[in-house]
Amino acid sequence: MNIILLGPPGAGKGTQARILVEERGMVQLSTGDMLRAAKTSGTEMGNKVAAVMEAGELVTDEIVIGLIEEHLATTKSEGGFIFDGFPRTLAQADALGELLARVNLKLDAVIEMRVEDDALVKRISGRYTCGNCGEGYHDDLKQPKAEGVCDVCGGTDMVRRADDNEDALKTRLMAYYRDTSPLIGYYYAKGDLEPINGLGEIDEVAQAIRAILD
Ligand code: AMP
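1. Focus on the packing of aromatic side chains
Think of a pair of aromatic rings as described by two things: how far the centres are apart, and how the planes are tilted against each other in angle. Counted according to the given criterion, the structure contains four aromatic pairs. Both rings, one in Phe 81 and one in Phe 83, keep their centres 6.2 Å apart while their planes meet at 40 degrees; by these two values the pair is tilted. Directly above the aromatic system of Tyr 137 lies the positively charged group of Lys 142, at a separation of 5.1 Å from the ring centroid.

2. Overview of the site of the ligand
Around the ligand there are 16 residues in total, and Thr 31, Arg 36, Glu 57, Gly 85 and Gln 92 lie nearest to it. The side chain of Arg 88 places a nitrogen or oxygen atom 3.0 Å from an oxygen atom of the ligand. Between Arg 161 and the ligand, the recorded distance is 3.0 Å, taken from a side-chain N or O atom to an oxygen atom. Protein chains bury 96% of the 480 Å² of accessible surface belonging to the ligand in isolation. Among the elements that make up the shell around the ligand, the one with the highest residue count is helix α2 (residues 31–40) (four residues).

3. Some thoughts on the sheet that holds strand β6 (residues 136–138)
With antiparallel pairing, the three strands of this open sheet are ordered in space as β6-β5-β7. Of all strands in the sheet, those bounded by a partner on one side alone are β6 and β7 (158–159). When strand β5 (residues 127–130) meets β6, the two strands line up antiparallel, connected through three bridges. Note that in β6 the partner of Arg 127 across the bridge is His 138.

4. Considering the side chain of Asp 164
Within the secondary structure layout, Asp 164 lies in the loop between β7 and α7 (166–180). Looking at Asp 164, the relative accessible area reads 13%, which means it is buried. Among the polar contacts made by the side chain of Asp 164, one reaches the side chain of Arg 127 at a distance of 2.8 Å. Of the polar contacts made by the side chain of Asp 164, one reaches the side chain of Arg 172; its length is 3.0 Å.

5. Considerations on α7
For α7, with 15 residues, the first-to-last C-alpha span of 20 Å sits near the 21 Å given by 1.5 Å per residue. When we look at burial in α7, the residues that qualify are Ala 168, Leu 169, Arg 172, Leu 173, Ala 175, Tyr 176 and Thr 180. Buried residues of α7, viewed axially, fall in a sector of 160 degrees; they line one side. Looking at α7, the residues exposed on the side facing more than 90 degrees away from the buried face are Glu 166, Asp 167, Lys 170 and Met 174. Looking at where α7 begins, the residue whose side-chain oxygen comes 3.2 Å from the main-chain nitrogen of Asp 167 is Asn 165.

6. Notes on the sheet that holds strand β1 (residues 3–6)
Taken together, the five strands give an open sheet; going across it, the order is β2-β3-β1-β4-β8, and neighbouring strands pair in parallel fashion. What marks the edges here is a single partner per strand, and that holds for β2 (27–30) and β8 (193–197). Adjacent strand axes in the sheet meet at a mean angle of 25 degrees, parallel and antiparallel pairs treated alike. Inspection of the sheet shows β2 paired to strand β3 (residues 81–84) by four bridges, in the parallel sense. Each bridged residue has a counterpart across the sheet, and for Ser 30 the counterpart in β3 is Asp 84.

7. What to know about the pairing of strand β4 (residues 109–114)
Burial within β4 is extensive, with five of its six residues counted as buried. By the bridge criterion, five bridges tie β4 to β8 in an arrangement that is parallel. Within the sheet, the bridge partner assigned to Met 113 lies in β8 and is Ile 196.

8. Overview of the packing of helix α5 (residues 90–102) against helix α8 (residues 182–190)
For the pair α5 and α8, interaxial distance at closest approach is 9 Å and the crossing angle is 35 degrees. Contacts from Leu 90, Ala 93, Asp 94 and Leu 96 in α5 reach Pro 182, Leu 183, Tyr 186 and Tyr 187 in α8. Within the contact of α5 with α8, the residues separate by chemical class into seven nonpolar, no polar and one charged.

9. Some details on the packing of α2 against helix α3 (residues 44–55)
The interhelical angle for the contact between α2 and α3, taken along N-to-C directions, is 120 degrees, at an axis separation of 8 Å. It follows from the interaxial angle that α2 and α3 lie oblique. Relative to α3, the crossing made by α2 is left-handed. Mapping the contact onto sequence places Gly 32, Leu 35, Arg 36, Ala 38 and Lys 39 in α2 and Met 45, Gly 46, Val 49, Ala 50, Met 53 and Glu 54 in α3. When its residues are assigned to classes, the contact of α2 with α3 shows six nonpolar, two polar and three charged.

Scoring rules and cut-offs
Residues numbered from 1 in each chain as written. Predicted model: local features only at pLDDT ≥ 70, side-chain atom pairs only at ≥ 80, totals over all residues. Heavy atoms only, no water. Phe/Tyr/Trp six-rings, centres within 6.5 Å; stacked < 30°, edge-to-face > 60°. Lys NZ or Arg CZ within 6 Å of the ring centre and 35° of its normal. Near = heavy atom within 4 Å. Polar contact = N/O pair within 3.5 Å; in protein donor to acceptor, adjacent residues only side chain to side chain. Areas by Shrake-Rupley, 256 points an atom, 1.4 Å probe, with all protein chains shown as cover. Helix = DSSP H or I, 4+ residues; strand = E, 2+ residues; numbered from the N terminus. Pairing = 2+ DSSP bridges. Buried < 20%, exposed > 50% of the residue type's maximum accessible area, 1.4 Å probe, protein only. Expected span 1.5 Å × (residues − 1). Arc of directions from axis to C-beta. Axes fitted to C-alpha atoms, helices over the stretch in contact; angles between N-to-C directions. Contact = heavy atoms within 4.5 Å. Nonpolar A, V, L, I, M, F, W, Y, C, P; charged D, E, K, R; others polar. Parallel < 35°, antiparallel > 145°, perpendicular 65-115°, else oblique. Left-handed = near helix turned anticlockwise from the far one by under 90°.

Honestly, it's all geometry; don't read function into it.
Written as structure tokens, this is what we have:
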């Protein structure tokens, strides 16, 4: 199955994608992760997008479509793909349809994760991840068993995203409502939209997604 996880920043797309990778052998294609990797490795493109990302604005369609095209051409996945944080504009959605058709794949579902703004702000302002394995934590909502030590891999290098601050978050939310939320109508009209309540516990949300995929 190939699915899109659609939702505002902090909706839990990355968290649920990790669960799907683990449970179903799906491959997560996160444009945010790809861009952060480009930034960290200091490629020309990474340097170009760094300031845009830090401010919470969207990078150009051309760049993210190029990244997805590259990954689809070079990655095989028996379990299917999870598009996480892509598409974020109508132009990206059109491009994804064309790219999938080119490699003979189809989109099976677009899971819209609904979470209220207040909860998004709370989730984002306290979140951090293990720099080694990527497991996500939160100051109030999900602490590791031993402070500063990852439950999954034992890593002690915890990292916070540069754009998880109040100013950038406002910009990211605006970008979501302005550029990305029209995709809800776009995929509804195509008959692909599956809305779920993203407000519950991680396991509850995972169960709602399983019910759709099964
Ligand atoms: P994310 O990890 O999905 O929250 O993405 C982090 C940042 O990367 C966003 O705030 C944007 O600056 C950029 N980004 C990620 N995916 C896209 C996309 N599909 N279109 C435009 N910008 C993106």
